[in-house]
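Survey of secondary and tertiary structure
The lines below spell out each chain.
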Amino acid sequence: MKAITLVGSTGSIGTQTLDIVTQYPDQFRIVGLAAGSNVEMLAAQIRQFRPEIAAICSEDKLPALKEAIIDLDPQPILLAGEAGVIEVARYGDAQTVVTGIVGCAGLLPTIAAIEAGKDIALANKETLIAGAPVVLPLVEKHGVKLLPADSEHSAIFQCLQGVPKAGLRKILLTASGGAFRDWDVEKLADVTVADALKHPNWSMGRKITVDSATLMNKGLEVIEAHFLFGLDYDDIEIVIHPQSIIHSLIELQDTSVLAQLGWPDMRLPLLYALSWPDRIYTNWERLDLVKAGNLTFREPDHQKYPCMKLAYAVGKAGGSMPAVLNAANEQAVALFLEEKIRFLDIPRCIEWVCDRHQNDNRANPSLDDILTADKWARQEVLIATEKLETQSRIISLR
Ligand SMILES: NC(=O)c1ccc[n+]([C@@H]2O[C@H](COP(=O)([O-])OP(=O)(O)OC[C@H]3O[C@@H](n4cnc5c(N)ncnc54)[C@H](OP(=O)(O)O)[C@@H]3O)[C@@H](O)[C@H]2O)c1
Ligand SMILES: C[C@](O)(CO)[C@H](O)COP(=O)(O)O
Ligand SMILES: [Mn+2]
C-alpha cells in the first residue's frame, strides 16, 4: 500500500487523483491533503479519506474547516496558510507527494516534500519551469524520484522505459492546438474568457486551459521536457495533433519513433506516476483506434501563437528567465480571467516583462533569486498593462 500526500486536492488534478485512490483503496492511502480555499470540498475529502493532516491555504477559512469536521474522531491535524501547506507536504510517512497546486505556489511545498525524502508525482509544471535550478539539485541530493504526471511528459517517460540515455535523439511534444485552433487569427482580438475556456479535448483548471489556448502551455512543456529529460531545446519539437490521442513521442538515434497513446484522460498519467515501475490493471475504457478515427498532424503556427517561440527563447536563456516568463504568464492569465486585459495582451505583456529582465538574468539563481524574480515579474505585468493601454503600442512579436 503506497502512502501518498496530495497538495491541490480540490482542483482538477486533485480530484482525479482522489478518484484513483477511491478506485484502488488496497493500493493507496492518503496521509495528507492541502487545498487553497475550497473549504467545503476539502472538508468532504477529509471526511472520506481521513488523512492524518490537512491544510487550507486561506487562513480565514480554518475556523469553517474545523467546524465542518468537528464530529470526526480521531481529528486530523488541521493547519492553514502557506506554512500549513508546506507542513502537509513534508509530513509523516507519505512516500509520494502529488503536486496538484496551480502555479509557482507549488514550489515551496514541493521543495519541502523533496527535503523530507518524498518522491514527487509532478503535475504542477510551473514548479519545475520556475524552480528547476534549485529543485533538480535537491532531487539529486535527497535521492528522490521526480515522476512526470503531465500527460506529454508521462508519455515520454513511458516510452523511455528501457531506452538507454544515449539512445534518445528528439522529443516530439503533441499539442491539441487549444480552444482557438480553428479560429482565424483576426478573431483572436475579441475572444472572451468563456471562449478561451472551451478546451476541445481536456477538462482542466482555468489557468492551464487558457495556457492551452495561447499555446503557452506547450511552451512551458518544452521547458519542462528540457529539465526532465535533459535534451537541448533544438531537439524538442512541437506538433499539433488535434485528437490528443498520441500524448507525445520520442525519436531514437536510429530514427525509430516510439509513442504513447490513450484517450485524453489525466487519470492514466497520474496512475502511472503513482504505480511506476509497476502497471495496475484498470477497467477504464480501452483505446479503440477505429473509434478514435483519423489521427492528424500539422505544423504549429508561430505567427498566430507567439508564446511558443517566446518559451523556447526563454528556456535557452535559462537562469532566472524561465521564472520570470512563468510568473508573467500567471499574472497575465489572471488579469485576462478577470477581464482586465485582452487575450492578445497576454503574450505582449509576457514579452515586455521578459525583455526587461534580460540584463538582470541570474545565471545560477538561488531560491531567493527565483522568488524575487517571480514577485518582480508579477508587478511588471501590471506596469505593462498600463503601457499597453496608454501607448497602445503593439510590441513587435518575434
Ligand atoms: N488539470 C489537468 O488536466 C492538468 C494536466 C497537466 C498538468 N496540470 C498541472 O497541474 C497543476 C494543477 O492544475 P489544475 O488544472 O488541477 O488546477 P485547478 O483545477 O485550478 O486546481 C488548483 C488546485 O490548487 C489549489 N491551490 C491554489 N493555490 C494554492 C495554494 N497557494 N496553496 C495550496 N493549494 C492551492 C486549489 O485549491 P482551491 O480550489 O481549494 O482554491 C486547487 O486545489 C497545474 O500546475 C497544471 O499546469 C494540470
Ligand atoms: C492535459 C495536458 O497534459 C495539460 O498539460 C495537455 O497538455 C493539455 O492539452 P494541450 O495539448 O496543451 O492543449
Ligand atoms: Mn500537458
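Check the entry above for the structure.
Because the structure is predicted, anything quoted here is derived from the model rather than measured. (Residues numbered from 1 in each chain as written. Chains lettered and ligands numbered in written order. Predicted model: local features only at pLDDT ≥ 70, side-chain atom pairs only at ≥ 80, totals over all residues. Heavy atoms only, no water.)

**Observations regarding the site of ligand 2**
Among the 15 residues in the neighbourhood of ligand 2, the closest are listed as S151, E152, S176, H199 and N217. Within the side chain of H199, one N or O atom sits 2.8 Å away from an oxygen atom of ligand 2. The side chain of E221 places a nitrogen or oxygen atom 2.9 Å from an oxygen atom of ligand 2. Here ligand 2 loses 97% of its free accessible area of 340 Å² to cover by the protein chains. Put simply, the parts of the chain that give the shell around ligand 2 at least two residues each are helix 7 (151-160), helix 9 (206-214) and helix 10 (216-229). Looking at the shell around ligand 2 element by element, the count peaks at 3 residues for helix 10. (Near = heavy atom within 4 Å. Polar contact = N/O pair within 3.5 Å; in protein donor to acceptor, adjacent residues only side chain to side chain. Areas by Shrake-Rupley, 256 points an atom, 1.4 Å probe, with all protein chains shown as cover. Helix = DSSP H or I, 4+ residues; strand = E, 2+ residues; numbered from the N terminus.)

**Comments concerning the coordination of the manganese ion (ligand 3)**
For the manganese ion (ligand 3), the protein coordination sphere consists of D150 (OD), E152 (OE) and E221 (OE), at 2.0 to 2.1 Å. Between the 6 donor atoms coordinating the manganese ion (ligand 3), the angles at the centre fall across 75 to 172°, so the site counts as octahedral. Counting residues between consecutive donors of the manganese ion (ligand 3) along the chain gives the motif D-x1-E-x68-E. Taken together, the positions of E152 in helix 7 and E221 in helix 10 put the pair 69 residues apart, joining distant regions of the chain. Exposure class is identical for E152 and E221. Each is buried. (Donors = N, O, S within 2.8 Å, 3.2 Å for Na, K, Ca; no water. Tetrahedral: all angles 85-135°; square planar, octahedral: opposite > 155°, others 65-115°. Buried < 20%, exposed > 50% of the residue type's maximum accessible area, 1.4 Å probe, protein only.)

Coordinates in, geometry out; function isn't part of it.
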